[in-house]
Amino acid sequence: MRPVYEKYFRDNIPHIWCAGCGNGIVMSAFARAIEKLGYDQDDVMVVSGIGCSSRMTTYIDFNTLHTAHGRALAFATGAKLSEPRLKMFVIMGDGDAAAIGGNHFIHSCRRNIDITAIIINNAIYGMTGGQYSPLTPTGKKATTAPYGNIDRAFDIVELSRGAGATYVARGDIYHAAQLTNQIVDAANHKGFSVLEVVSTCPISYGRYNKMPKPTDMMQYIKDNTVSVQKAATMTADELKDKIIIGEHFKIENVPEYTEEHNKLVAEVKKDYLEKLKGGAK
Amino acid sequence: MTNNTINKIRLVQGNEACALGAIKAGATFYSGYPITPSTEVAEHIANKFPRIGRHFIQMEDEIASIGAAIGASTVGHKAFTATSGPGFSLMQELIGYAAIAEIPVVIINVMRAGPSTGLPTMPAAGDVQQARWGTHGDHSIIAISPNSVMETYYETINAFNLAEQYRTPVLLMMDEKVGHLRERFEEDEANEPVIMYRPAPKEGEKFVPYANVECGVPHILPLGKGERYHITGLTHGETGFYTAQPKAVSKFVGRLSDKIELNVDKIAKIEENYTDDAEVLVLSYGSSARSAHEAVKTLREQGHKVGMVRLITLWPFHDAKIAALCEGKKAVIVPEMNLGQMAREVQRVAKGVPVLPMCRVDGDLMTPDEIIAKVKEVL
Ligand SMILES: Cc1ncc(C[n+]2csc(CCOP(=O)(O)OP(=O)(O)O)c2C)c(N)n1
Ligand code: SF4
């Protein structure tokens, strides 16, 4: 029997992803999450940028918009603002979201528009074959950092917090069941929700960083993730190089952008109509 | 004159006329980033859209602006953005996205002198070839250049109609002078403009978002209204999914051009004055065409056989018509506010006829006297 979530997949499989790539795990978690959320497929819109991860929109059966590198949030903002009834998801790679799309990302956080942004963080530019991204840890190797990366990496959680996001969680592909629930929680938050998913790219990252087998990278994630709760009991030294997973923060009662927009439009429209009526007297 | 008509006649700026045209055309979404000399378009829209329940948003940059506009269009809104030189450069990649994904969108470019920051408050026509070729890859494009306030109003409506009808980005190439010009604004009530909407399948008809239809323009439905499909900037087959299959790609990319180029007769507007017996032709567009028209009128009054051709549509360029107009002329003079960008097109089609560019790139307008003097050199 086909699993129930397969109804959310299109028939375009085979996909382009390498064996052992983390993207597939995120895709099935996404399908399971939609099933749990009980959304009608017709009401769900998924927008993506360019990169291996962004190809996901090709394979899932929703209203899908595969845009340009870094620009998914801009497209999604226009669609969501004009049709707020749509359940809006954006899928991005780490380069897509934090390098070329970084400006759109921080401004989406600031606006608090009701979009669920899923950043698949494989710490590398996968599609172009392994160049360092703003999420490649210092010291790791990439095709454009053959002697080791001297750049410092962003921390998506802190970046989002600073930019005014109202919901930020981090998940990973090893804890796939938890990931499904995290997607559900992120979607249920009213406002801009950021879900960073720590993933793997065995081909363009693992091979250059002594983790050539997909299982090596899985093992790495398994060994280095700690929950937000556990992290609270650990020292900074103990937390060095650890991946802290779970819900990092959630702020309620910050006005959501499309609601504020619609409120404003309704008020201005009402005043204007009254003024017109007054003038006609 | 009734009170009512007096109320309707007023002085309006070109940029405001553009905003009014967009409202008339049924635009429901605007996203933009401020830049001189286009900012008044955004300001008028920010003021007027909420009153009539439509959507305005100021984005973080011009890339976001055109992205949001295309996004709104995919869910069924008539969407537009307005900018000027530097912002127009930033928008190029996504103009190509709208072209390949065939999403209607209108981009207003109130041209200022460049390159780079250039002369921010001065008019130019330096972006007219960028309009044609600015985004990478083969595609065709529609670009319109109005030269008065009323024409800006009507051509903005036309820009939306063409974007919808041909599922394409349409560029309204104003210039600083047209954008900031104040003129009498009076709608022609006897001739209500037609408002067009994107082609949708009839009841019961199967929807194929990128069908290779005879007319070149397949049906389009908004995302999120029950017909789930995929939109991508990758080359795609009829159902919208990526293909690298050479036959399909070549058919698709060919259709993107053909749907516009083969309809040049329907799309391109060219205004002619005194061309019948003209020995010398002046061809111009935008603000320069206002001076050119003055010059030609004066020369006619002096008894010289000079004709005037004005391009209202810059792209698609009507090769056959321009070639026919140039044929047998002593010379064709092309006054424009750049170093001869459209003159190249005229040269390309005016076989054997000397085409003389008349260039101005210092932010000043060309004067009728300068044009008269130039024409007299060849008469
Ligand atoms: C404007 C632009 N610049 C560069 C590229 C080339 N490019 C395609 S995907 C990509 C990086 C992808 O990395 P990421 O966003 O992390 O996604 P991944 O492939 O790792 O999932 C780059 C640089 C592009 N398509 N467009
Ligand atoms: S290159 Fe990396 S990210 Fe891309 S499909 Fe292969 S494993 Fe996945």
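Look up a bit, the structure's there.
Here the structure is a predicted model, which means the values were calculated and not measured.

Rules used throughout
Here, residues in each chain are numbered from 1, in the same order as that chain's written sequence. A letter from A marks each chain and a number from 1 marks each ligand, given out in the order of writing. Side-chain atom pairs in this predicted model are given and counted only at pLDDT of 80 or more, local residue features only at pLDDT of at least 70, and totals for whole chains, interfaces and linings cover all residues. Based on all heavy atoms of the structure, the side-chain values leave hydrogens and waters out of the count. Working definition: helices are DSSP H or I runs of at least four residues, strands are E runs of at least two. Numbering for both runs from the N terminus. With C-alpha atoms as the basis for the radius of gyration, the globule rule is written as 2.2 Å multiplied by the number of residues raised to the power 0.38. Residue exposure (1.4 Å probe, protein chains only): buried if accessible area is under 20% of the type maximum, exposed if over 50%, otherwise partly exposed. The contact definition used throughout considers only heavy atoms, calling two residues in contact when any of these lie within 4.5 Å. Accessible surface area values rest on a Shrake-Rupley calculation with a 1.4 Å probe, where residue burial reflects the displayed protein chains alone. Counted as positive: Lys and Arg. Counted as negative: Asp and Glu, with His and the chain ends omitted from the count. Every charge is mapped onto a representative atom, which is NZ of Lys, CZ of Arg, CG of Asp or CD of Glu. Summed over both partners, the accessible surface that disappears when two parts come together, traced with a 1.4 Å probe, is what is meant by buried area. Salt bridge, as applied in this entry: a Lys or Arg side-chain nitrogen positioned within 4 Å of an Asp or Glu carboxyl oxygen. By the criterion applied in these results, polar contacts are pairs of N or O atoms within 3.5 Å in which, for protein atoms, one can donate a hydrogen and the other can accept it, and in which residues neighboring in sequence qualify only through two side-chain atoms. Gly is placed with the polar residues, together with every amino acid not listed as nonpolar (Ala, Val, Leu, Ile, Met, Phe, Trp, Tyr, Cys and Pro) or charged (Asp, Glu, Lys and Arg). At least two bridges found by DSSP between two strands are what make those strands a pair. Under this scheme, a helix contributes an axis fitted over its contacting stretch, all axes are lines through C-alpha atoms, and angles between N-to-C directions fall in the 0 to 180 degree range. Nearness here has a simple test: a residue counts as near a molecule or strand if at least one of its heavy atoms is within 4 Å of that partner.

(A) Spatial organisation of the overall build of chain B. Counting its regular elements, chain B contains 14 helices and 16 strands. At 21 Å, chain B has a C-alpha radius of gyration in line with the 21 Å of a compact globule built from 379 residues. Its C-alpha atoms put chain B at 65 × 55 × 45 Å along the principal axes. Expressed as a percentage of its 379 residues, the buried residues of chain B come to 60%. Counted over contacts in chain B with a minimum sequence separation of 6, partners at least 24 positions apart contribute 76%. Summed over its atoms, the accessible surface of chain B is roughly 14500 Å², and 51% of this surface lies on carbon and sulfur atoms. Side-chain charges in chain B split into 38 positive and 45 negative, and the spacing between the mean points of these groups amounts to 3 Å.

(B) How the structure looks around the side chain of A:Asn112. The residue A:Asn112 is located in the loop between helix H5 (102-111) and strand E4 (116-121) in this model. According to the relative accessible area criterion, A:Asn112 is buried, its value standing at 1%.

(C) Structural view of the interface of chain B and chain A. Contact with chain B, which involves 39 residues of that partner, is made by 39 residues of chain A. Taking both partners together, chain B and chain A bury about 3300 Å²; carbon and sulfur atoms supply 59% of that area. The largest contributions to the chain B side of the interface with chain A come from B:Arg51, B:Glu60 and B:Arg228, which together make up 22% of the buried area. Counting across the chain B and chain A interface gives 3 salt bridges. A:Asp42 is the salt-bridge partner of B:Arg228, the closest N and O atoms lying 2.8 Å from each other. Counting every contact that joins chain B to chain A gives 18 residue pairs in polar contact (both at pLDDT 80 or more). Looking at the side of chain B that touches chain A, the elements that each hand over two or more residues are strand E3 (55-58), helix H4 (62-74), helix H5 (85-101) and strand E10 (230-232) of chain B. By residue number, the principal contributor to the side of chain B that touches chain A is H4(B), which donates 8 residues. Each residue belonging to the side of chain B that touches chain A can be placed in one class, and the counts come to 19 nonpolar, 12 polar and 8 charged. Of the strand pairs in this sheet, strand E2 (residues 63-66) of chain A and E10(B) are connected by 3 bridges, and their pairing is parallel. Across the sheet, the residue bridging to A:Thr64 is B:His230, located in E10(B).

(D) Looking closely at the sheet that holds strand E13 (residues 306-311) of chain B. Residue and element names in this part refer to chain B. An order of E11-E13-E12-E15-E16 is seen for the 5 strands of this open sheet, with the pairing classed as mixed. Both edges of this open sheet fall to strand E11 (270-273) and strand E16 (355-359), since each of them pairs with a single strand only. Ignoring strand direction, the axes of neighbouring strands in this sheet form an average angle of 20°. The sheet contact formed by strand E12 (residues 280-284) and E13 spans 5 bridges and is parallel. Looking across to E13, one finds that leucine 281 is bridged to glycine 307. Running at roughly 155° to E16, helix H14 (residues 368-378) makes contact with E12, E13, strand E15 (331-336) and E16 of the sheet.

(E) Seen up close, the site of ligand 1. The immediate surroundings of ligand 1 are formed by 17 residues, with A:Cys52, A:Ser53, A:Gly95, A:Asp96 and A:Gly126 found nearest. At ligand 1, the nearby residues belong to more than one chain, namely chains A and B. Within the side chain of A:Asn122, an N or O atom sits 2.9 Å from an oxygen atom of ligand 1. The separation between an oxygen atom of ligand 1 and a polar main-chain atom of A:Met127 is 2.9 Å. If one sorts the elements of the shell around ligand 1 by residue count, helix H4 (residues 94-100) of chain A sits on top with 4 residues.

These results come straight from atomic positions and should not be treated as a statement about function.
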